[in-house]
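Tertiary structure, described
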Amino acid sequence: MKNILEAPFLVEMVRTCTNMYQHGWDERNGGNISWLLDEAEVAEYLDVNAVLRDIPTGFEAPALEEKYFLVTGTGKYFKNVQYDPAHNLGLIRLSEGGKTAQLLWGFTGGGKFTSEFPAHMMSHAARLSVDPENRIVMHCHPANLLAMTYVHDLDSRSFTRTLWQMCSECVVVFPEGVNVLPWMLCGTNEIGQATAEQMGTARLVVWSQHGIYGAGKDLDETFGLIETAEKAAEIYMKIAHLPLKNTITDEQLHLMEERFGVKAREGFLD
Ligand code: 13P
Ligand code: ZN
């Protein structure tokens, strides 16, 4: 059996948590990541029949039965993941229709998966139904996106249009736009269901006055999505209080669509 601390999925997860912390997106225990893994890649490092303990999830996710996830722990600090991955991360397999998470590695000292596990698992199921390649769900608290939800209206079309207008390449990176949820109580099945519903039409879902969710086929893509939206929000927060002299017009956004072979979300451009 190979050393799991050298598994590419573990090394990349640790690097990403560290990088997100360095970006200021994950203060204290803020943020969480889940990564859907194949049984074959897990089995190179772990005896998949050796269950350390069962952890109830409090929801059902039949579409994810027998699926493996590397996931960040609740209350754990992203800045510390690099120093003790086994304490701050866990590798689980869902069973009993998603009602139980079988712990195979990690969460040493009695830890468990993130309190946002419902939003993560329900979002995985939602993304997989529209994109079988989806592997990652990532949540964090980037300051400018969060700030924007205090001063911008929260309609998804209007919020998306503003982000697209802030940097030319936004429409290329997230042509489907972002979906915006109003403030909701975090850590609940209800916010999980609402997030998953929004994940049906976009890989980015903003949680007003809280943070953002991203989904993608790998950590780079998902990180890059959030990074691009956050950069656009940063520009908005720099200029929102100033007289606007120029913008990117819908005509120009259509030119970007043509040049890069992407299609902006139906109805989001005039
Ligand atoms: P966890 O520590 O449970 O992952 O919670 C962090 C967070 O960002 C809640 O929304
Ligand atoms: Zn959060």
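Everything here concerns the structure above.
Below or above, wherever it landed, is the structure these notes cover. A quick note: this is a predicted structure, and the numbers were derived from the prediction, not measured. (Residues numbered from 1 in each chain as written. Chains lettered and ligands numbered in written order. Predicted model: local features only at pLDDT ≥ 70, side-chain atom pairs only at ≥ 80, totals over all residues. Heavy atoms only, no water.)

Digging into helix H10 (residues 250-260)
- Buried within H10 we find Asp-250, Leu-253, Met-256 and Glu-257. Each buried residue of H10 lies within a common arc of 105 degrees when the element is viewed along its axis, so the set occupies one face. Facing away from the buried side of H10 by more than 90 degrees, the exposed set consists of Glu-251, Leu-255, Glu-258 and Arg-259.
- Two residues or fewer past H10, Gly-261 is found with a positive phi of approximately 65 degrees. (Buried < 20%, exposed > 50% of the residue type's maximum accessible area, 1.4 Å probe, protein only. Helix = DSSP H or I, 4+ residues; strand = E, 2+ residues; numbered from the N terminus. Arc of directions from axis to C-beta.)

Side note on the environment of Gly-192
- Mapped onto the elements of the fold, Gly-192 is located in helix H8 (residues 189-199).
- A relative accessible area of 0% places Gly-192 in the buried class.
- For the pair Gly-192 and Val-137, spaced 55 residues apart in sequence, the C-alpha separation works out to 12 Å.
- What Gly-192 contacts, discounting residues up to four positions off in sequence, is Pro-118, Ala-119 and Met-122. (Contact = heavy atoms within 4.5 Å.)

Observations concerning the pattern of salt bridges
- The tally for this structure, following the rule as stated, stands at eight salt bridges.
- The shortest N-O distance in the salt bridge between Arg-203 and Glu-176 comes to 2.5 Å. Linking Arg-203 in the loop between H8 and strand S8 (204-207) with Glu-176 in the loop between helix H7 (170-173) and strand S7 (178-181), this pair joins segments that are 27 residues apart in sequence. Just as Arg-203 is buried, Glu-176 falls in that class too.
- In this structure, the salt-bridge partner of Arg-203 is Glu-221, at a minimum N-O distance of 3.8 Å. Linking Arg-203 in the loop between H8 and S8 with Glu-221 in helix H9 (residues 219-239), this pair joins segments that are 18 residues apart in sequence.
- Under the relative-accessibility criterion, Glu-221 is labelled partly exposed at 23%.
- A cluster of three or more residues bridged by salt bridges with shared partners is formed by Glu-176, Arg-203, Lys-217 and Glu-221. (Salt bridge = Lys/Arg side-chain N within 4 Å of Asp/Glu carboxyl O.)

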